Amino acid sequence: MTSAEKPILLDVNGLTVSFATDRGMVRAVRDVSFSVREGEILSIVGESGSGKSVTLLSLLGLHDRKTTRVEGMVSFRGRGILDLSPGELRSIRGREIGLISQDPMTALNPVYTIGWQIAEQIRAHEKISARAARKRAVELLGEVGLSNPQEAVDRYPHQLSGGMRQRAVIAMALSCNPALLVADEPTTALDVTVQAQVLDLLLRLRKDFGSAIILITHDMGVVSEVADRVAVMYAGRIVERGETEAMFASPLHPYSWGLMGSIPPLTGPRLARLKSIPGMPPTPDRIGEGCGFAPRCAFARSACLERPPLRKIGTQAALCILEEPERAALRRTVLSAEEFA
Ligand SMILES: Nc1ncnc2c1ncn2[C@@H]1O[C@H](COP(=O)(O)OP(=O)(O)OP(=O)(O)O)[C@@H](O)[C@H]1O
Ligand SMILES: [Mg+2]
């Protein structure tokens, strides 16, 4: 069975997240829809502040319920999860969905040693003795690259460096062999050799247990290497999604041209490096109905002030007014093949 035929594990439909601020409700994530099939790796990419972490944390129920409004539909294995109680969600997160958050302290409890926390997590879904769970915790800490796991297991989170804490969180997320692993920049705090080890561990999880992975990363090389599908976020929306190979070979959205064009694709013509896009992404309180990228887009027109239409080509879909063949012609002006020659 190819991954495109496997059953859908996570289905997100029209997810919209708003925060209460002193300037009223501000929408940070708008009408986001995507799905993840069993065993599939979906990469979410996009500039800082585009809403990647907010999307994942809110669909896992990790938002502050007092100040955050989450709308839309999220189902995991066919069961709606947005309306579950915090306790019910916690038990799904511990057993079936592992989270490696961008901020390791979200996942760690400061008052327990990391070994205790990993062992508890294992024992929450497996009937093994405290001793055996501790032994597994030490093994896992060794696997994620902690040099002295025997000693690290008895440390409290604050006694570890940032990189060590990140590895402890990864060990915890891996401990239950989750059906879905949500990894928000899991390797950013780590040095390059450990980054490669951690990536290998994630891939092994998929190989050995068929786990699906949502991977947020800024490393487009990693995306092109490991992801089956890619979703590009800009200003709170998914502006383009599709299968990795197609996305790198011929990205549809002008914003993706910059992202995808910055590394050579796996197949197809080599694309030139894009000069960095001038300007800054808008903050959530400045995003209207129109295309959020329009102020930075060299090809924007008055129609871009209105909500952009969804255009589909093959496995790809993009929120952009451009249509073929004009799109392809404009893309060539940005990503000219000659520059690489
Ligand atoms: N609790 C909050 N209250 C108000 N605004 C928030 C809150 N959390 C996040 N935001 C805003 O929502 C937007 C999206 O943030 P998010 O953390 O999802 O970005 P990101 O894409 O993960 O960026 P990065 O790549 O830097 O991690 C940002 O503008 C951020 O300031
Ligand atoms: Mg983030």
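Since the model is a prediction, treat every value here as computed from it, not as a measurement. (Residues numbered from 1 in each chain as written. Chains lettered and ligands numbered in written order. Predicted model: local features only at pLDDT ≥ 70, side-chain atom pairs only at ≥ 80, totals over all residues. Heavy atoms only, no water.)

1. Remarks on the pattern of salt bridges
Here is step 1: If you walk through the whole model with that rule in mind, you get 18 salt bridges.
Here is step 2: Taking the shortest distance from any N to any O, the salt bridge between Lys135 and Glu139 comes out at 3.6 Å. A residue pair is termed a helical-turn pair when its members lie 3 or 4 positions apart in one helix, as Lys135 and Glu139 do in helix α4 (residues 130-143) at four residues.
Here is step 3: Classification of Glu139 by relative accessible area gives partly exposed; the value is 38%.
Here is step 4: Note that Glu324 is salt-bridged to Arg327, the shortest N-O span being 2.9 Å.
Here is step 5: Residue class for Glu324 comes out partly exposed when judged on its relative accessible area of 38%.
Here is step 6: Within this structure, Arg30, Asp31, Glu289 and Arg307 form a network of salt bridges that share partners. (Salt bridge = Lys/Arg side-chain N within 4 Å of Asp/Glu carboxyl O. Helix = DSSP H or I, 4+ residues; strand = E, 2+ residues; numbered from the N terminus. Buried < 20%, exposed > 50% of the residue type's maximum accessible area, 1.4 Å probe, protein only.)

2. Some words on the environment of Ser91
Here is step 1: Along the chain, Ser91 falls in helix α2 (residues 86-95).
Here is step 2: Sequence separation between Ser91 and Leu190 is 99 residues; the distance between their C-alpha atoms is 29 Å.
Here is step 3: In terms of polar contacts, Ser91 uses its side chain to reach the side chain of Arg95, at 3.0 Å. (Polar contact = N/O pair within 3.5 Å; in protein donor to acceptor, adjacent residues only side chain to side chain.)

3. Focus: the coordination of the magnesium ion (ligand 2)
Here is step 1: All of the protein donors around the magnesium ion (ligand 2) are Ser53 (OG) and Gln102 (OE1); their distances to the metal are 2.0 to 2.2 Å. Residue Ser53 is located in helix α1 (residues 52-59), and its partner Gln102 is located in the loop between β6 (97-100) and α3 (114-125); the two are separated by 49 residues in the primary sequence.
Here is step 2: Among the residues examined, Gln102 registers a relative accessible area of 40% and is labelled partly exposed. (Donors = N, O, S within 2.8 Å, 3.2 Å for Na, K, Ca; no water.)

4. Description of the environment of Ile321
Here is step 1: Inspection of the secondary structure puts Ile321 in the loop between β12 (316-319) and α11 (326-334).
Here is step 2: Spatially, the C-alpha atoms of Ile321 and Ser48 are 24 Å apart, while their sequence positions differ by 273 residues.
Here is step 3: Ignoring any residue separated from it by four or fewer positions in sequence, one finds Ile321 in contact with Arg301, Ala303, Cys304, Pro309 and Arg311. (Contact = heavy atoms within 4.5 Å.)

5. Some points on the side chain of Thr187
Here is step 1: When you line up the elements, Thr187 lands in the loop between β7 (180-184) and α7 (192-209).
Here is step 2: When its relative accessible area of 15% is taken as the criterion, Thr187 is described as buried.
Here is step 3: When neighbours within four sequence positions are excluded, Thr187 is seen to be in contact with Gln195 and Val198.

6. A short note on the sheet that holds strand β9 (residues 229-234)
Here is step 1: With respect to topology, eight strands assemble into an open sheet ordered β6-β7-β8-β3-β9-β10-β12-β11, the strand pairing being mixed. Whereas interior strands pair on both sides, the edge strands pair on one side only; in this sheet they are β6 and β11 (310-313). Adjacent strand axes in the sheet meet at a mean angle of 15 degrees, parallel and antiparallel pairs treated alike.
Here is step 2: Bridge analysis of β7 against strand β8 (residues 212-216) gives five bridges, and the strand direction is parallel. (Pairing = 2+ DSSP bridges. Axes fitted to C-alpha atoms, helices over the stretch in contact; angles between N-to-C directions.)

7. Description of the site of ligand 1
Here is step 1: With respect to spatial proximity, 14 residues lie near ligand 1, and among them Ser48, Gly49, Lys52, Ser53 and Gln102 are the closest.
Here is step 2: At 2.5 Å, a side-chain N or O of Ser48 approaches an oxygen atom of ligand 1.
Here is step 3: Interatomic distance of 2.8 Å between a side-chain N/O atom of Ser53 and an oxygen atom of ligand 1.
Here is step 4: No other element matches α1, which puts three residues into the shell around ligand 1. (Near = heavy atom within 4 Å.)

8. A few points about the domain arrangement of the protein chain
Here is step 1: Per the domain assignment, the segments of the protein chain are domain 1 (3-226) and domain 2 (253-340).
Here is step 2: On the domain 2 side, the residues contacting the 13 residues of domain 1 number 14 residues.
Here is step 3: Taken together, both faces of the contact between domain 1 and domain 2 bury some 1,100 Å²; the carbon and sulfur share is 54%.
Here is step 4: On the domain 1 side of the contact with domain 2, Arg30, Glu47 and Met220 bury the most area, a combined 46% of that side's loss.
Here is step 5: Counting the contacts that link domain 1 with domain 2 gives four salt bridges.
Here is step 6: For the interface between domain 1 and domain 2, the tally reads six residue pairs in polar contact (both at pLDDT 80 or more).
Here is step 7: Breaking the side of domain 1 that touches domain 2 down by element, the ones donating at least two residues are β2 (24-37) and α8 (220-226).
Here is step 8: When residues of the side of domain 1 that touches domain 2 are assigned to their parent elements, the largest contribution, five residues, is made by β2.
Here is step 9: Classifying every residue of the side of domain 1 that touches domain 2 gives four nonpolar, four polar and five charged. (Domains from an automatic or database assignment. Buried area = accessible area lost by both parts, 1.4 Å probe. Nonpolar A, V, L, I, M, F, W, Y, C, P; charged D, E, K, R; others polar.)

9. Some points on a nonpolar patch on the surface
Here is step 1: Nonpolar side chains collect at one region of the surface, where Val111, Tyr112 and Trp116 lie side by side and expose about 300 Å² of accessible area between them.
Here is step 2: In this structure, Val111 sits in the loop between β6 and α3. (Patch = residues over 30% accessible without salt bridge, like charges linked within 9 Å, V, L, I, M, F, W, Y side chains within 5 Å. Areas by Shrake-Rupley, 256 points an atom, 1.4 Å probe, with all protein chains shown as cover.)

10. A look at unusual backbone geometry
Here is step 1: Cis peptide bonds are those with omega within 30 degrees of zero, and the linkage from Glu324 to Pro325 qualifies with 0 degrees.
Here is step 2: Mapping Pro325 onto the fold places it in the loop between β12 and α11.
Here is step 3: Here the phi dihedral of Asp31 falls at roughly 50 degrees; this positive angle occurs in a residue that is not glycine.
Here is step 4: By secondary structure assignment, the location of Asp31 is in strand β2.
Here is step 5: Here the phi dihedral of Asn177 falls at roughly 40 degrees; this positive angle occurs in a residue that is not glycine.
Here is step 6: Note on placement: Asn177 falls in the loop between α6 (162-174) and β7.

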